[in-house]
Amino acid sequence: MSQVLDIDHCDLNIKSNSSSHHTDLFGEKRLIVRRGQPFNIIIHLKAENRNFHQDEKSFTLTVETGPLPRKESDTKATFGLSESTAETEWSASATSDPSGNAVSVSISSSPNAPIGLYSLSLDQVGQTTVLGEFFLLFNAWCPRDAVYMSSKKKRQEYVLEQHGQIFRGTHKRIKGTPWNFAQFDPRILDICLMILDANPKFVSDADKDCSARRNPIYVTRVLSAMINSNDDRGVLVGEWEEYSGGVHPGMWIGSSDILQQWAESGPVRYGQCWVFAAVACTVSRALGIPCRVVTNFGSAHDSDANLKIENLYNEDGDRISEGDSVWNFHVWVESWMTRPDLGAGFDGWQTSDPTPQETSDGVFCCGPAPVKAIKEGEMTKKYDAPFIFAEVNADVVDLVRLTNGHFVEFGGSTKSVGRFISTKAVGSDERHDITHKYKYPEGSEEERQVYEKAQHHNKLQQRGEEPGLRLKIKLADNMIVGSDFEVFAIVKNNCMDTRTCSFLFFARAVGYNGKQGDHCGFASEKLEIPSGEERRISMRLEYDRYGLAITSDRLIHLSAITIDKQTIDYQKAEKTVVLDEPDIEIKLVGEATVNQSVMVDLTLLNPLPEALQDCSFTVEGAGLTDGKPITVKLGTVDSKQEAKASIEFRPTSVGSSVLLVNFDSDKLKNIKSFINITVNQ
């Protein structure tokens, strides 16, 4: 009968394992490894112990995860020693130190093992010794893992990169907003596992849920539900109008603060689409799933699932329909994985959307759906492909209801939805356009075939220059918030005879999600336009009026309508103005050195014709501000005067990082900028 090895202690070899498993950014306090790849531990024996033999039969290792570990659920595995580790299942091999007092054990996990926190124990003839705990993550470096990504640069960007750019605005004015994903901050990995444990599927059947965590498809779908709080005590509460009792969504500049607040006190108030997506990206990357944030400009919300956005108006130009809408932009995430459940051809990027819009299987979640399925019109491929297809491909139809109850179509577009679909480029802060991944070129033969496959029979006929009145809106240059400026509508008569029409020109504040606010401008005229000629009508937008109406998104929606009642010809043109914001001047005073205080000077010119109240600057950066934002309050800044602040911080990590800066006040909110900082030893 074999003797029991007398163990002194076990060294989990954290530093070496972390380096080889690309988890060193988590720190060296705990063992964090990726599945399907060997890691090494060293078992130190007591001095009087006998020598260890490689063919030791009594040496059995057990790994367990979840509250109810079972072999049948793959949440428990027991295995002995082999000559070498296997690539497809839990296995181990061992070698003895020349002194005979230490045993080096190489353990390889299954590339299909559930992710989570594991315990590791050694059984010797019925005597069990607990060797320690380790976290097991998905492995984009392992060819046998479902999230394997072959490109080193893409793994660096989509798994390891802690900073990013989220694109917002309109398709004519796209601007990147810096974000601190901070997936390697202390506690973030623990919080990510807390999110999985808080999901209703775990609560109802913990064994089944933990077993399913082997599958990135399942984990991604759970996250799309848990990042919002609509059906559970998920991370973020969505809000688009009233922000009292919480933080305005535009104030957030990183995920760490949000996740830590959730862990301490439950759902965090408030988030909007880019915040939901950014937090989902943080959690996905922390768990090892390659992930990126994607923005769709002109994003349709098709509430009745007919792949058409129908805007109904009365004869006065007032909108009378609710439900369908087109957001100036919408943000979601893509996660990289195989899709063996769908057959060949659908591996790669999968779209999921944690913003609560419509329910799926009774829960506010969306995806993952293959981007390839969206492009090819494969509406039966799981999950929620029709809704995502409509977000990038829906038709827009404008209808006016006459006094007799009949509707007349007077506008619309086949091209306004799904434009300039954007994500951060690999290795730089530039915008990478991925529209071609979601759809074929507008008007191409391939696009037509896709629509037929998707049973999208309500496609409007292509519109060129046809007889009738044609209407467009032109914008002025340098539309800076605080200034007065003019916008123009141009009406052209392409008919053979003179036309007389009524002209209406509206301006009103609007949120990024299409929610309309107060009116801030109006003009009207009776026009008589000879054949082949055009008329130019101006409308002056004054800060005294629009300043009270706009939100922190700084958007004004323009709408022009021509009405020729004699020929029942209605025309409509729309455009969204993005008001320019002031720049933040950022200057680092001296060089940044680890564990030494350094100062950054911040300056912003108040462009408004009135004073700003409750002014403040906030800075945050991974490895720069100790995981917490630093805020300096300035009070009042008069018109055309500079807001200035000097903020001191103490870097804690050597290397490159990004300092994010946010300016906030009562009338100018969420002005953001950043500076790249290299911290020296």
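The structure this text deals with has already been given above.
Quick caveat: nothing in here was measured; it's all calculated off a predicted structure. (Residues numbered from 1 in each chain as written. Predicted model: local features only at pLDDT ≥ 70, side-chain atom pairs only at ≥ 80, totals over all residues. Heavy atoms only, no water.)

Q: What is the right way to look at the sheet that holds strand 36 (residues 655–664) in this model?
A: The strands that make up a sheet pair up through hydrogen bonds in the backbone, lying either parallel or antiparallel. An order of 31-37-36-33-34 is seen for the five strands of this open sheet, with the pairing classed as mixed. Strands with a single pairing partner mark the edges of an open sheet, and in this sheet they are strand 31 (592–593) and strand 34 (630–637). Strand direction decides the pairing type here: strand 33 (residues 612–620) and strand 36, joined by five bridges, are antiparallel. By the bridge assignment, Ser616 is partnered in strand 36 with Asp664. (Pairing = 2+ DSSP bridges. Helix = DSSP H or I, 4+ residues; strand = E, 2+ residues; numbered from the N terminus.)

Q: Please explain the environment of Ser673 as it appears in this structure.
A: Its place among the elements puts Ser673 in strand 37 (residues 671–680). Given a relative accessible area of 19%, Ser673 falls into the buried group. A sequence separation of 11 residues divides Ser673 from Asn662, and the C-alpha atoms of the two residues are 6.6 Å apart. Residue contacts for Ser673: discarding those within four places in its chain leaves Pro178, Ile584, Ile586, Leu659, Leu660 and Val661. (Buried < 20%, exposed > 50% of the residue type's maximum accessible area, 1.4 Å probe, protein only. Contact = heavy atoms within 4.5 Å.)

Q: Is there a simple way to explain the side chain of Ser73 in this structure?
A: Position of Ser73 among the secondary structure elements: in the loop between strand 4 (60–65) and strand 5 (76–79). Taking relative accessible area as the criterion, Ser73 reaches 5% and is therefore assigned buried. Among the polar contacts made by the side chain of Ser73, one reaches the side chain of Asp207 at a distance of 2.8 Å. With sequence-adjacent residues up to four places away left out, Ser73 is seen in contact with Asp207, Ser211 and Arg214. (Polar contact = N/O pair within 3.5 Å; in protein donor to acceptor, adjacent residues only side chain to side chain.)

Q: How should I be thinking about empty space enclosed by the protein in this particular structure?
A: Which parts of space are left empty comes out when a probe the size of a water molecule is rolled across the atoms. Under the defined criterion, the tally for this structure stands at five cavities of 30 Å³ or more. Looking at the largest cavity, its volume works out to about 60 Å³. Taken together, Glu157, Tyr158, Gly164, Gln165, Phe181, Arg285, Arg292, Val293, Thr423 and Lys424 form the lining of the largest cavity. Those elements that provide at least two residues to the lining of the largest cavity are helix 2 (152–160), strand 10 (163–170), strand 14 (291–301) and strand 21 (419–424). Looking at the lining of the largest cavity residue by residue, the class counts come to three nonpolar, three polar and four charged. Around the second largest cavity sit 10 residues that line it, and Lys375, Asn393, Lys439, Tyr440 and Val450 are the ones nearest its centre. Residue assignment for the lining of the second largest cavity shows that the elements contributing at least two residues are helix 9 (371–376), helix 10 (385–393) and helix 12 (445–453). The biggest single contributor to the lining of the second largest cavity is helix 12, with three residues. (1 Å grid on protein atoms, 1.4 Å probe; cavity = no way out; pocket = protein on both sides within 12 Å on 5 of 7 lines; lining within 4 Å. Points joined across faces, edges and corners; volume = space filled by probe spheres on them. Nonpolar A, V, L, I, M, F, W, Y, C, P; charged D, E, K, R; others polar.)

So, to be careful, I would describe these as geometric facts and stop short of saying anything about function.
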